[in-house]
Amino acid sequence: MAEVILMPRLSDTMTEGVIAAWHKKVGDPVKKGELLAEVETDKATMELESYKDGTLLHIGSAKGGKLQVNDLLAIIGAPGEDISSLISGSASAAATAPTAATAPAPEATKNVAAKTEAAAAKTISPADMEEVVLMPRLSDTMEAGVIAAWHKKVGDAVKKGEVLAEIETDKATMELESYKNGTLLYIGAEKGEKIPVNALLCIIGEKGKVDVEAVVAAVKAGGSAPAAIATEKKPTVETAAATTVAATAEQAAASNGRVKASPLAKKLAKEKGIDISHITGSGDGGRIIKADIDHYQPAAATSAVSAVAVAPAPETKASVPVFTPIAGQEGYTDIPNSQIRNVIAKRLAESKFTAPHFYLKMEINMDNAMTARAQLNESSPVKISFNDLVVKAVAMALRQHPAVNASWMGDKIRRHHHVHIGIAVAIEDGLIVPVVRFADQKTLPQIAAESKELAGKAKNKKLQPNEFSGNTFTISNLGMMDIEEFTAIINPPDSCILAVGRIREIVVKKGDGFAVSNVMMLTLSCDHRSVDGATGAAFLQSVKKFLEQPITMLL
């Protein structure tokens, strides 16, 4: 059966996307995980992978076209399959657009009920249902999301821009904001449950105007179902309670332990060292905005806090129980895999058993690098680490050796014109790779500041999709954990990954005597499909030159 792919919400503020490129055309076979298209969002251009096998039967817009979130993006199914019923909704909507422009209808006429009043037998699809919110694809490898928390419950009023839920993806826990006003009428999964990408997440609409059961049935039926005419329902005890809940939604939001603030306000507060929970918001529904940060006065904040009742302690994440071993008694603890751990296992297994790895090792003398770092930190606004020096050296070496800054694409090798360095960061659930973009064009203090910020976001699961995607080369450093050397598994779609060991002292012959020198071992893992041994070796020689003569990185 053909399956509809809707425009996903690829960033927390995205309302529409522009088709930057199609990597498949109508009639092409498509495999699960293959690159389907590149979509330009409000923050970055991201790759959209197919999540099923089949043939591309229809595209919703050509290159350069703009689609709203949840508009029809593509249809994948069997060759020759009839998909007219799936695209008829979009065609009819386009045909009636001029009439709508000359005589604007009230908001209520845009929902499912108004569409079906014209013809009770008409079929509807998720692409036509403005009330339907589908699980967005919040990372380039995401196939499903887990509900980490709901900030609204059924019956609550929802405003555009308000945080609706927190979604745990394979790489981070992200806030999902509502992109329309209305009432939360239905949720597709409770806290802790998993929902596949593009499955029904929730329904937001006008209370009493939407036949929720019909909409749910239509979505779960696979994209089309008879639409029933919505009717006004008499108030019941349940709906009256829901109305009461909606009326007090703002007060509940202020007392559930979450601070409502715009992303810019949060960023400014962090930069100024201000505790944002001490600020009273002047925005919509008490939301903290930029002006509140600019006019913040510590004394005023103290008095405001003292007037607020103590909120209940936020819910803590369940921890793994610790058991005391009992002599002679066997036992074990099963720990369910997180989304991140599942994806790590899948992607690295595919990399290890698909890409033919080979390894190159080189010892680097770090004496000059240690001296240069100490001198740089005397005047640098940000403390520069040895890893920052490695990032800069690698970025400049990649500019000299574009064959290493490449990706294996099956039928071709893609050499990237930009240098985006991924830095592996260990977090509680596994590993994530935030990306320093255009690293070759940045100074050491800029790299140091950005790396520190990204690492902090990674550990707090606050990375945005454009901050952990698009890497062209990856660095994994275990030197700070006293590991002398190791080999790393290539991080797709990169062709190489550099494993960095610790700096250690060795005794070397100098002149007629002996002296202590500081050395560091680098191990380059290469995909032999796209990078040959001599190519990788030449790249490592350039990295060695930059690290052993740091002044060359400043020229």
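Along each chain, the written sequence defines residue order, and numbers are assigned to residues from 1. Totals for whole chains, interfaces and linings use all residues, but because this is a predicted model, local features are given only for residues with pLDDT of at least 70 and pairs of side-chain atoms are given and counted only at 80 or more. Each side-chain value is derived from all of the structure's non-hydrogen atoms; neither hydrogens nor water enter the calculation.

Topic: a nonpolar patch on the surface
What counts here: Note on patches: the residues involved have over 30% relative accessible area and no salt bridge, like charges join within 9 Å, and the nonpolar side chains Val, Leu, Ile, Met, Phe, Trp and Tyr join within 5 Å. With residues, only the protein chains shown are counted as cover, and all accessible areas are computed by Shrake-Rupley using a 1.4 Å probe. A side-chain nitrogen of Lys or Arg and a carboxyl oxygen of Asp or Glu constitute a salt bridge if their distance falls within 4 Å. Strands here are runs of E lasting at least two residues and helices are runs of H or I lasting at least four, both read from the DSSP assignment and numbered beginning at the N terminus.
Together, Met480, Met481 and Ile483 give the surface a local cluster of nonpolar side chains, amounting to about 330 Å² of exposed area. Along the chain, Met480 falls in the loop between strand S26 (473-477) and strand S27 (496-510).

Notes on the pairing of strand S8 (residues 72-77)
Spelled out, the test is: Between buried and exposed lies partly exposed: a residue is buried under 20% and exposed over 50% of the maximum accessible area for its type, with that area taken using a 1.4 Å probe on protein chains only. A pair of strands is treated as paired once DSSP finds two or more bridges between them.
Burial within S8 is extensive, with 6 of its 6 residues counted as buried. As paired elements, strand S1 (residues 3-6) and S8 share 4 bridges and run antiparallel to each other. Opposite Ile5, over in S8, you have Ala74 as the bridge partner. Pairing geometry for strand S6 (residues 54-59) and S8, over 4 bridges, is antiparallel. Each bridged residue has a counterpart across the sheet, and for Ile59 the counterpart in S8 is Ala74.

With respect to the side chain of Asp28
This is how the line gets drawn: Any two residues whose heavy atoms approach within 4.5 Å at even a single point are treated as in contact.
For Asp28, the location among the structural elements is in the loop between strand S2 (16-22) and strand S3 (29-30). Every residue in contact with Asp28, bar those within four places of it in the chain, is listed here: Gly54, Thr55 and Leu56.

Section: the side chain of Ser476
Among the secondary structure elements, Ser476 is positioned in strand S26. Using a relative accessible area of 14% as the deciding quantity, one classes Ser476 as buried. In this view, Ser476 contacts Ala424, Phe486, Ile497, Leu498, Ala499 and Val500; residues no more than four positions away in its chain are not counted.

Side note on the sheet that holds strand S14 (residues 173-177)
Convention followed: Between N-to-C directions, angles span 0 to 180 degrees; the directions come from axes that are lines fitted to C-alpha atoms, helices contributing only their stretch in contact.
Across the sheet, 4 strands lie side by side as S14-S13-S11-S16; this open sheet has antiparallel pairing. This sheet does not close on itself; its edge strands, each paired only once, are S14 and strand S16 (194-196). Adjacent strand axes in the sheet meet at a mean angle of 40° when their direction is disregarded. In terms of strand pairing, strand S11 (residues 144-150) meets S16 through 3 bridges, oriented antiparallel. Within S16, the position partnered with Gly145 by the bridge is Ile195.

Let's talk about the sheet that holds S8
Read across the open sheet, the 4 strands follow the order S1-S8-S6-S3; overall the sheet is antiparallel. Looking at which strands have only one partner, the edges of the open sheet turn out to be S1 and S3.

Considering the pattern of salt bridges
Inspection of every chain in the model, using the stated rule, returns 15 salt bridges. A salt bridge links Lys152 to Glu162; its shortest N-O distance comes to 3.2 Å. Linking Lys152 in the loop between S11 and strand S12 (157-158) with Glu162 in the loop between S12 and strand S13 (163-168), this pair joins segments that are 10 residues apart in sequence. Look at Lys152 and you get buried, because its relative accessible area is 7%. Glu162 sits in the buried class, given a relative accessible area of 9%. For the salt bridge of Lys442 with Glu450, the shortest nitrogen-to-oxygen distance reads 2.5 Å. You can call Lys442 buried: its relative accessible area is 18%. One salt-bridge network, in which partners are shared between bridges, spans Glu363, Glu484, Arg502 and Arg504.

Things to note about the packing of aromatic side chains
This is how the line gets drawn: Pairing of aromatic side chains requires ring centres within 6.5 Å, counting the rings of Phe and Tyr and the six-membered ring of Trp. Pairs whose planes differ by under 30 degrees are stacked, by over 60 edge-to-face, and all others tilted. Lysine and arginine charges are scored as sitting over a ring when NZ or CZ, respectively, is within 6 Å of the ring centre and within 35 degrees of the ring normal.
Enumeration over the complete set of coordinates arrives at 1 aromatic pair. Taking NZ or CZ as reference, Arg373 lies 4.5 Å from the ring centre of Phe386, over its face.

A look at the nonpolar core
Threshold: Buried Ala, Val, Leu, Ile, Met, Phe, Trp, Tyr and Cys residues that are joined via side-chain atoms within 4.5 Å together make up what is termed a nonpolar core.
Of all hydrophobic cores here, the largest spans 71 residues; its most connected members are Val394, Ile421, Phe473, Leu498, Leu524, Phe539 and Leu547. The element best represented in this core is helix H12 (residues 386-400), accounting for 9 residues. In this structure, Ile421 is in contact with Val391, Val394, Ala395, Leu398, Pro434, Val435, Val436, Ala439, Phe473 and Ile475, ignoring residues within four places of it in sequence. Ranked by size, the runner-up nonpolar core spans 19 residues in total, among them Val4, Leu72, Val132 and Leu185.

Observations regarding the packing of H12 against helix H13 (residues 444-459)
What counts, and what does not: Left-handed describes a crossing whose near helix is turned anticlockwise from the far helix through less than a right angle; right-handed describes the clockwise counterpart. Each residue is assigned to one class: nonpolar for Ala, Val, Leu, Ile, Met, Phe, Trp, Tyr, Cys and Pro, charged for Asp, Glu, Lys and Arg, and polar for all the others, Gly among them.
Two elements in contact, H12 and H13, have axes whose closest approach is 9 Å; the angle formed by their N-to-C orientations is 120°. Helix-helix and strand crossings are classified by hand; for H12 and H13 the assignment is right-handed. In this structure, H12 contributes Asp388, Leu389, Val391 and Lys392 to the contact, and H13 contributes Leu444, Ile447, Ala448 and Ser451. When the residues that make up the contact of H12 with H13 are grouped by side-chain class, the tally is 5 nonpolar, 1 polar and 2 charged.

A short note on H13
Applicable threshold: Expected helix span is computed as 1.5 Å times (number of residues minus one).
The end-to-end C-alpha distance of H13 is 23 Å, a good match for the 22 Å that 16 residues give at a rise of 1.5 Å each. Along H13, the residues that are buried comprise Leu444, Ile447, Ala448, Ser451, Leu454, Lys457 and Ala458. Looking at the buried side of H13, the elements it contacts are helix H11 (367-377), H12, strand S22 (421-423), strand S23 (425-427), strand S24 (430-432) and strand S25 (435-436). Count one or two residues on from H13 and you reach Lys461, which has phi positive near 55°.

Examining the pairing of S13
For a regular strand, the rule is simple: side chains alternate between the two faces of the sheet. Burial analysis of S13 places 6 of its 6 residues in the buried class, the great majority of the element. Both S11 and S13 contribute to a ladder of 4 bridges, which runs antiparallel. From the neighbouring strand, Trp150 faces S13, where its bridge partner is Ala165. Both S13 and S14 contribute to a ladder of 5 bridges, which runs antiparallel.

What about unusual backbone geometry?
The bulk of non-glycine residues show a negative phi, and the bulk of peptide bonds are trans. Omega for the peptide link from Pro492 to Pro493 comes to 10°, which places this bond in the cis form. One can find Pro493 in the loop between S26 and S27. One non-glycine residue with positive phi stands out, namely Asn70, at about 75°. You can see Asn70 is positioned in the loop between strand S7 (66-68) and S8. Its relative accessible area of 9% is what places Asn70 among the buried residues. The backbone phi angle of Asp482 is positive, close to 70°, even though this residue is not glycine. Examined against the element boundaries, Asp482 turns out to sit in the loop between S26 and S27. On the accessibility criterion, Asp482 (59% relative accessible area) is exposed.

Quick look at the state of the cysteines
Convention followed: We call a pair of cysteine sulfur atoms a disulfide when they lie within 2.5 Å.
On inspection of all chains with the given rule, the structure shows 0 disulfides. Left without a disulfide partner, Cys496 is nearest to the cysteine sulfur of Cys526, which lies 3.8 Å away. Overall, the relative accessible area of 0% leaves Cys496 in the buried class.

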